[in-house]
Protein chains: 4
Amino acid sequence: MLEKISVVKFEEKESKNPFSFKFYNADEVILGKPMKDHLKFSMSYWHTLCGEGTDPFGKGTIDRTFKGEDELSKAKSKADVAFELMSKLGIEYFCFHDVDIAPEGNNLAELKANVEIMTDYIKELMNKTGIKLLWGTANCFSHQRYMHGAGSSCNADVFAFAAAQIKNAIDATIKLGGTGYVFWGGREGYETLLNTDMGIEQDNIARLMHMAVDYARAQGFKGDFYIEPKPKEPTKHQYDFDVATTLSFLRKYGLDKDFKMNIEANHATLAGHSFQHELHLARVNGVFGSVDANQGDLLLGWDTDQFPSNVYEATMCMYEIIQAGGFTNGGLNFDAKVRRASFEYEDIIYGYILGMDTFALGLRIAAKLIEDGRIKEFTENRYSSYKTGIGEKIVKGKTTLEELEKYALELGEVKVESGRQEYLESIINSIMFSV
Amino acid sequence: MLEKISVVKFEEKESKNPFSFKFYNADEVILGKPMKDHLKFSMSYWHTLCGEGTDPFGKGTIDRTFKGEDELSKAKSKADVAFELMSKLGIEYFCFHDVDIAPEGNNLAELKANVEIMTDYIKELMNKTGIKLLWGTANCFSHQRYMHGAGSSCNADVFAFAAAQIKNAIDATIKLGGTGYVFWGGREGYETLLNTDMGIEQDNIARLMHMAVDYARAQGFKGDFYIEPKPKEPTKHQYDFDVATTLSFLRKYGLDKDFKMNIEANHATLAGHSFQHELHLARVNGVFGSVDANQGDLLLGWDTDQFPSNVYEATMCMYEIIQAGGFTNGGLNFDAKVRRASFEYEDIIYGYILGMDTFALGLRIAAKLIEDGRIKEFTENRYSSYKTGIGEKIVKGKTTLEELEKYALELGEVKVESGRQEYLESIINSIMFSV
Amino acid sequence: MLEKISVVKFEEKESKNPFSFKFYNADEVILGKPMKDHLKFSMSYWHTLCGEGTDPFGKGTIDRTFKGEDELSKAKSKADVAFELMSKLGIEYFCFHDVDIAPEGNNLAELKANVEIMTDYIKELMNKTGIKLLWGTANCFSHQRYMHGAGSSCNADVFAFAAAQIKNAIDATIKLGGTGYVFWGGREGYETLLNTDMGIEQDNIARLMHMAVDYARAQGFKGDFYIEPKPKEPTKHQYDFDVATTLSFLRKYGLDKDFKMNIEANHATLAGHSFQHELHLARVNGVFGSVDANQGDLLLGWDTDQFPSNVYEATMCMYEIIQAGGFTNGGLNFDAKVRRASFEYEDIIYGYILGMDTFALGLRIAAKLIEDGRIKEFTENRYSSYKTGIGEKIVKGKTTLEELEKYALELGEVKVESGRQEYLESIINSIMFSV
Amino acid sequence: MLEKISVVKFEEKESKNPFSFKFYNADEVILGKPMKDHLKFSMSYWHTLCGEGTDPFGKGTIDRTFKGEDELSKAKSKADVAFELMSKLGIEYFCFHDVDIAPEGNNLAELKANVEIMTDYIKELMNKTGIKLLWGTANCFSHQRYMHGAGSSCNADVFAFAAAQIKNAIDATIKLGGTGYVFWGGREGYETLLNTDMGIEQDNIARLMHMAVDYARAQGFKGDFYIEPKPKEPTKHQYDFDVATTLSFLRKYGLDKDFKMNIEANHATLAGHSFQHELHLARVNGVFGSVDANQGDLLLGWDTDQFPSNVYEATMCMYEIIQAGGFTNGGLNFDAKVRRASFEYEDIIYGYILGMDTFALGLRIAAKLIEDGRIKEFTENRYSSYKTGIGEKIVKGKTTLEELEKYALELGEVKVESGRQEYLESIINSIMFSV
């Protein structure tokens, strides 16, 4: 299905060749590092190879039949397409759920066996292409049994199933050399408080995570665990609402040493935050991990998972990531899918080009913002009063309410300076449109 | 201005006397306690005596002139009206900001002196009427100097002013026997991340809170400190977004022993949560403290602070409070104001009657829900699988991923039961409309 | 699957029998009419018999296998269940899409033939049970071909398919004696303005509607055509955003004589309006037609289609309907589905009981509001200044800006009266909790 | 207060001079017209000279004292500042409410006299500077008397006051040569339906508008009347919700010949639409008039009226305006204000530079999009099936449901083409970042 498409290359930005990058030049060095190492692009197996374009009111539009006589052969053909697609796009990482890569089978035993077979197969493709696994995960939300949750299920048997799937997905992740393992709690939450005890449910999720950490570390896993916050959808209210909520949970249960955040743009806005807010918050709390790059529609109330096209957001994302020291175990995974009416494989290529060029622009502009220095300098100056005098005493914990009152009484009034938001926004535009 | 209104009394619910309670009967015993002790109604000084009914596009509509030749005399007349109003409504508690009760003066020294005078005056009124202080607080958000925040200000001098105001407000709270002190961070947040360092700002807020706790405890304050979460407005993004975010903050900075939550209905919904969610979350985390009772409009994106009229919300609120063991130091403060077009003192009376009757209904129905027992029993049964067998091992931390996998592989598939949301919602309506 | 459930009857409200109505008493006379004639309850074929409980992240949970060796036999078994369910619940009307009642087949010709067969079959069931058709419609949104719209498709062939389906659905509606035909434009809108010409698209929708009216009237259809407004979902932006937008469209294209509104509660709130707002607006513009009764979740941004449980909303809905003179051709169709985790047929029964009791309460309370008269009297008095003097001249069009200026200059200032919102809200609660 | 700031000039985009334009070059010719004639920038008198930076929780931060011994002298100094500001920024138009330019006085007679005096004064300034009036309006929303509405007030005397203010504002607009007169119905709506009759209220608004048109046309006014849609704020629900709602109203009351739309970006998003949607809808309905340029924050639920900084939105706005044939009587009025913490006149300059440069970029990019032609060509091709065959018959109204059914039955199935959203979004980014 990708026969007609050749390798996508970087061309000048005026090029009208739709199958070329205009801004992403993998080996071009920016701030001392090739673009590809800053960006660590990753393909999501699910949105790229699995969804059929259904929506709550419509049937599938995308043809997902893969060659093969049985489910396993088809899964192998699917993997072939996945790796061909990554190769043509120059994407070096991928992410998956257990059921994305392997047929679910009729029971857990079959799923386990299928995952084993498929990871063997994928490992070979990885060796051939040099493509690496960014992170793995288990799908503990689609099957009927997870209707009331996985780790938070009211049913202990369901908890056991989730534990089993997670164990296998951890094994698969380790086998394929993944540097991360993700928990996305799509069903960890509630539909109605009338039948819910949040205390029991959250305690149980924590128990499951502790077991997962213990198991993985015992198997030698050195990578990061991630929680991917999302406030709602499919569940009415999800426990990992946003970065702050998740931090609160990790701190309560002593999980903050092993877990970092996998931050998704569209989940940020569904929670009422900007993408940058979530990244910044994770950064200042030392839990920035990985990114699920996509874009929502702020006029819609659900997860649209569009390919990112907004360069403002990509810029501020890269600005935060660079300040966080760049990715270590994490990367920039496109948790994005083509629109239902963009139903051809050609559209998937367009989608990735759109997303990769958008983040390439984001990187280029963020680097210029840093080199320019005006934004950072302005911000640092704003807080300079905390470096001396009463400010220094405050920061060093060497003062009291009594002393501060005395100081304030003597001051009379304060001279406050303008925040200069409009000036700073002009700097952003000036730099953006000078790339 | 309240001359024409006599004491508001409980009458039968068919009464058409607008100046009577139809559902609130202060001394009627419900679940072993008089209604007034369950509800601990409190008047907010600011919305009841201070606002003029302005909005971002319109001038004041409410006449707030009080008798008096100078600011202090007027403040005393205002206090007289406040206590007359509470007396006529049978409200036994009140809450205030420093600048609600005392003229702001020309500088901090004058404010301090005015607060001293006014707390003397109010103390007398309290003694005369038996009315008590629920909690006090400092207004560190209205003055220009707080445009960039108080504890989170980029300016150390502003921090010092906030500290001074807080010290005085703590002193006033102790003097008047208040059992709580509230932090509402209306300006603790940011307008734009372009000029903001969230790390410094949140560290500083924590420093301020630690100083406040140290000071108050040294003065013998035994009450609770509260944070009142709110996600936005006036500031674009506020740090105390919701209960979970605030918990995350308290845990990071070791403040979770001294602080509880003051939960406001309208703030909950602005953050994307139901009022009950926030109360339930605080309860299961042991930080439920006090309530700011009001009602928002879910079709509007700002804090409307309406008097509560929705009995569903009041019911679930009281259901949570009863399960939390009832109020200890906290109470049910009406952080609510009449609509701009309800500009007469008569309307304030109507507003309180509306709010008090709504919560009286909420209490009556919550009590019936508890006596009925079906909701609770259903919920407890849902989790019964965690009391024996594999479930018990999970809860007691005596199992591992390996064991759970083995267990799941043997199970084959799980039998999940219906969540019965529609049935449970019918129970609520049946009980509500049988009171 | 309904064997175990007997006919659901009205019992006293304290009854704990979950399979009984507590508030809906079909033949009880309210305001001179039996409850069932006020409410004209209708079952939606799609949500009750067709959906499987899938969501964007999860598989089906509800068993929808019906007895039968081929698709047509299964469709007949499904119809049997539908009529058994209505009979047991005492529901006298139903609504359907073509593809709900008949197998879609492999092409349009097969669908047409299947609809013919199934309407014969259903006609018999109707004769046996006395159950009537409220309205019919065609599903022009689920099939892949409608991805860019039906009447608004950029592809003329797709337009022709939609026309064909609509013709057949009109025929089916007439055959079964339906008194209404509905257009819901789930795909009539756009995903991105980058590829869209709203002018052409809306002109074409109007052309399709004119053809439909011409055809149906020529076949002797005397019923109403309805548009069902919805702002978004599945499409990013739908043309029939809300009642006002739809009115604008009908007036532009001269369709306002034949079309009325089918108003859905959850669609109202997705558009930023209360349910009552949409009903009131339709009423004062003479286009109130029918109701799709359900309930959304204002904290979620998608169409949850829950069974109605909120008695406030049901009350204001019935208050508007009674003032509109009650239903003529329309009725109260439950466009509602059980939650994904309420996956048993038992839950469907609970859902209908919940919805029917909620609207029964709404009717009882609305009737009391009308009998009480205080709300209506207050409102009428507010506008009394338009009955005499300058007000009368304004209303009769007998004055000018010049005269009004002269009048105002002489007045000096105006005496405005309070809107008394809080007082009016207390009346609502008093009457609600005295039923 | 503007002494230190000299005339703001166009400089190269790498310039770090904060008081220069980087993208707006007034006389540069784009698509055959100087930039300034495409953009017709206008200063809003209210946000630029009147607001004090208050918000619902905070006092003013901006110093608005103007030199002068009495109110009229101060109003004249304010006008001097206004014209100096426009001159320094090279802005050629302005807009005002009656009470922005003239002291309100103690009654209507004084306001009328003050407006007379101030329009004389402003006329001179206009003659001196060559600056022109874009449109005028009356503030019928801030004064207490308008709490229940102006044209929609339940009080006929208030209606008369509104009529008088509007008459005077029309006179002032004509006197100053304005080419537009705006109705913004900030209080035309309701707070609660419990006391509201939408039928009477909307009839009355229409009566007022008819009188205004009759009066103005009799005085020789040839300009446009505009309605400025806004869904809410300050009023809970406003009648002019959005463009479609307003069109519905105009068509009902036969006002669609005299009225066009004044579309505000922030009002569009508050109503759930993109800015482009509202412009496009007005364009295809022939009612595009003028623009209130600003920017909202989609994560906030109120009107932030920020200076526009988002070049995507400005681009699509200019793309629609160019396709509408450009401005005739309308223009691009900055209904925008500096943030509360940007409290210096310097910040106002920064704000205008930000807004003007943003729209200059929007114009440059829109022009390139048009010259490039790919977007337009793609869209036109999509609808090509309506130019021949069955499509042509549909468009010309020469077919019927029967014929279309016959056609569809013969077709078998339809071949639908991809919408190519991702490809089109890549074109936008390529062109944007090649300016």
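Quick caveat, the model's predicted, so the values are computed rather than measured.

Undergrad: Would you mind showing me how to read the overall build of chain A here?
TA: A tally of regular secondary structure across chain A gives 16 helices and 14 strands. Taken over the C-alpha trace, chain A has a radius of gyration of 24 Å; the compact-globule value for 435 residues is 22 Å, and the two agree within 12%. Each principal axis of the C-alpha atoms in chain A carries an extent, and together these give about 85 × 60 × 45 Å. Long-range contacts, defined as pairs at least 24 residues apart, comprise 75% of the intrachain contacts of chain A with a sequence gap of at least 6. When the accessible area of chain A is evaluated, it comes to approximately 14,000 Å², of which 49% is carbon and sulfur surface. Positive and negative side-chain charges of chain A, numbering 49 and 64 respectively, have mean locations separated by a distance of 3 Å.

Undergrad: Can you walk me through the packing of aromatic side chains in this structure?
TA: How two aromatic rings sit relative to each other is given by the distance of their centres and the angle of their planes. Residue and element names in this part refer to chain B. Overall, the coordinates contain 108 aromatic pairs over all chains when judged by the stated rule. Consider the rings of Y181 and F225, whose centres lie 6.3 Å apart with planes at 65°: the pair is edge-to-face. Of the two residues, Y181 is situated in strand β8 (residues 180-183) and F225 in strand β10 (residues 224-227); the sequence distance between them amounts to 44 residues. Exposure remark for Y181: the relative accessible area of 2% places this residue in the buried category.

Undergrad: How do you make sense of the domain arrangement of chain A when you look at a structure like this?
TA: Residue and element names in this part refer to chain A. We note that the domain assignment places domain 1 (29-372) and domain 2 (388-432) within chain A. The C-alpha-based centres of domain 1 and domain 2 are spaced at 40 Å. In this assembly, seven residues from domain 1 lie in contact with five residues from domain 2. Together, Y312, I365 and L369 form the three largest contributors to the area buried by domain 1 at its contact with domain 2, with a combined 64%. Inspection of the region where domain 1 meets domain 2 yields zero salt bridges. Where the side of domain 1 that touches domain 2 is concerned, the elements lending two or more residues are α11 (311-323) and α12 (345-372). The element best represented in the side of domain 1 that touches domain 2 is α12, accounting for four residues.

Undergrad: I would appreciate a short explanation of the relation of the copies chain D and chain A in the present structure.
TA: The second copy of the chain is related to the first by a rotation about an axis and a shift along the axis. Rotating chain D by 180° and moving it 0.0 Å along the rotation axis overlays it on chain A with an RMSD of 0.0 Å. The superposition operator between the copies reduces to a two-fold rotation axis.

Undergrad: How should the interface of chain D and chain A be read in this particular structure?
TA: Much of the literature gives interface size as the accessible area that the parts lose upon coming together. Taken residue by residue, the interface counts 52 residues in chain D and 52 residues in chain A. With both chains or domains summed, chain D and chain A bury close to 4,000 Å², and 55% of this area falls on carbon and sulfur atoms. For chain D, the biggest contributors to the area lost against chain A are L299(D), E422(D) and F433(D); these three give 19% of the whole. On the surface where chain D and chain A come into contact, there are eight salt bridges.

Undergrad: I'm lost on the environment of N107(B) in this one. Help?
TA: Residues and elements named next belong to chain B. For N107, the location among the structural elements is in the loop between α4 (98-101) and α5 (108-129). Taking the relative accessible area as the measure of exposure, N107 reaches 29% and is therefore partly exposed. Along the primary structure N107 and K74 are separated by 33 residues, whereas in three dimensions their C-alpha atoms are 19 Å apart. A polar contact is formed between the side chain of N107 and the backbone nitrogen of A109, at a distance of 3.1 Å. From its side chain, N107 meets the backbone nitrogen of E110 in a polar contact 2.9 Å long.

Undergrad: How do you make sense of the side chain of E228(C) when you look at a structure like this?
TA: All names here are of chain C. Relative to the helices and strands, E228 resides in the loop between β10 (224-227) and β11 (237-238). No salt bridge is formed by the buried E228. Its closest oppositely charged neighbour is K230, at 7.3 Å. Within the local environment of E228, its side chain forms a polar contact with the side chain of N262, the two groups lying 3.0 Å apart. When sequence neighbours within four positions are dropped, the list of residues in contact with E228 reads V182, F183, W184, D240, N262, E264, H267, D292 and D335.

Undergrad: What am I meant to see in the interface of chain D and chain C here?
TA: At the interface, 97 residues of chain D touch 97 residues of chain C. There are six salt bridges connecting chain D and chain C. Linking E405(C) and K167(D) is a salt bridge whose minimum nitrogen-to-oxygen distance equals 2.9 Å. Tallying contributions element by element places helix α6 (residues 156-175) of chain D first for the side of chain D that touches chain C, with 12 residues. For the side of chain D that touches chain C, the residue count by class is 46 nonpolar, 33 polar and 18 charged.

Undergrad: Quick question: what am I supposed to make of the pattern of salt bridges here?
TA: Where charged atoms from two side chains of opposite charge approach closely, those side chains can pair. All names here are of chain A. Enumeration according to the criterion identifies 112 salt bridges over all chains in this entry. Two residues, K396 and E392, come together in a salt bridge whose shortest N-O distance is 2.9 Å. Of the residues examined, K396 reaches a relative accessible area of 53% and is grouped as exposed. According to the relative accessible area criterion, E392 is partly exposed, its value standing at 29%.

Undergrad: How should the relation of the copies chain D and chain C be read in this particular structure?
TA: Each copy superposes on the other: chain D lies on chain C with an RMSD of 0.0 Å after a rotation of 180° and an axial shift of 0.0 Å. A shared interface surface links the copies, since 100% of the contact residues of chain D are contact residues in chain C too.

Undergrad: Can you walk me through the pairing of strand β6 (residues 93-97) of chain B in this structure?
TA: Residues in a regular strand point their side chains to alternate faces of the sheet. All names here are of chain B. In terms of burial, β6 is a largely internal element, five of the five residues being buried. Because side chains alternate across β6, one face comprises the buried residues Y93, C95 and H97, and the other comprises F94 and F96, equally buried. As paired elements, strand β5 (residues 41-44) and β6 share three bridges and run parallel to each other. Its bridge partner being in β6, S42 is matched across the sheet by Y93. Here β6 pairs with strand β7 (residues 132-137) via five bridges, running parallel. When the bridges of β7 are listed, F94 appears paired with L133.

Undergrad: Before we go on, may I ask you to explain α11(A) in this structure?
TA: Side chains that are three or four residues apart share a direction in an α-helix, a result of its 3.6 residues per turn. All names here are of chain A. The first and last C-alpha atoms of α11 sit 18 Å apart over 13 residues, in line with the 18 Å expected at 1.5 Å per residue. With respect to burial, α11 is a largely interior element, 11 of its 13 residues being buried. Taken together, the buried positions of α11 are V311, Y312, A314, T315, M316, C317, M318, Y319, E320, I321 and I322. Sitting at the head of α11, N310 places a side-chain oxygen 2.9 Å from the backbone nitrogen of Y312. Phi turns positive, to about 95°, at G325, one or two residues after α11.

Undergrad: Which parts of the structure should I look at to understand the side chain of T235(D)?
TA: Here T235(D) lies in the loop between β10 (224-227) and β11 (237-238). Once residues lying within four places of it in the same chain are set aside, the contact partners of T235(D) are G186(D), R187(D), G189(D), Y190(D) and E191(D).

Undergrad: What am I meant to see in the packing of α5(B) against helix α6 (residues 156-175) of chain B here?
TA: Packed helices, taken two at a time, are described by the angle between their axes plus the distance between the axes. All names here are of chain B. Where α5 contacts α6, the axes come no closer than 10 Å and their chain directions differ by 15°. Comparing their axes, α6 and α5 come out roughly parallel. The two elements α5 and α6 meet at a crossing, and its hand is right-handed. Each of L108, L111, K112, V115, E116, T119, D120 and K123 in α5 lies in contact with α6, whose residues at this interface are F161, A164, Q165, K167, N168, A172 and K175. Here the residues of the contact of α5 with α6 are counted per class, giving six nonpolar, three polar and six charged.

Cut-offs applied
Residues numbered from 1 in each chain as written. Chains lettered and ligands numbered in written order. Predicted model: local features only at pLDDT ≥ 70, side-chain atom pairs only at ≥ 80, totals over all residues. Heavy atoms only, no water. Helix = DSSP H or I, 4+ residues; strand = E, 2+ residues; numbered from the N terminus. Rg over C-alpha atoms; globule rule 2.2 N^0.38 Å. Contact = heavy atoms within 4.5 Å. Areas by Shrake-Rupley, 256 points an atom, 1.4 Å probe, with all protein chains shown as cover. Lys, Arg positive; Asp, Glu negative; His and termini not counted. Charge placed at Lys NZ, Arg CZ, Asp CG, Glu CD. Phe/Tyr/Trp six-rings, centres within 6.5 Å; stacked < 30°, edge-to-face > 60°. Buried < 20%, exposed > 50% of the residue type's maximum accessible area, 1.4 Å probe, protein only. Domains from an automatic or database assignment. Buried area = accessible area lost by both parts, 1.4 Å probe. Salt bridge = Lys/Arg side-chain N within 4 Å of Asp/Glu carboxyl O. Least-squares fit on C-alpha atoms with pLDDT ≥ 70 in both. Polar contact = N/O pair within 3.5 Å; in protein donor to acceptor, adjacent residues only side chain to side chain. Nonpolar A, V, L, I, M, F, W, Y, C, P; charged D, E, K, R; others polar. Pairing = 2+ DSSP bridges. Expected span 1.5 Å × (residues − 1). Axes fitted to C-alpha atoms, helices over the stretch in contact; angles between N-to-C directions. Parallel < 35°, antiparallel > 145°, perpendicular 65-115°, else oblique. Left-handed = near helix turned anticlockwise from the far one by under 90°.

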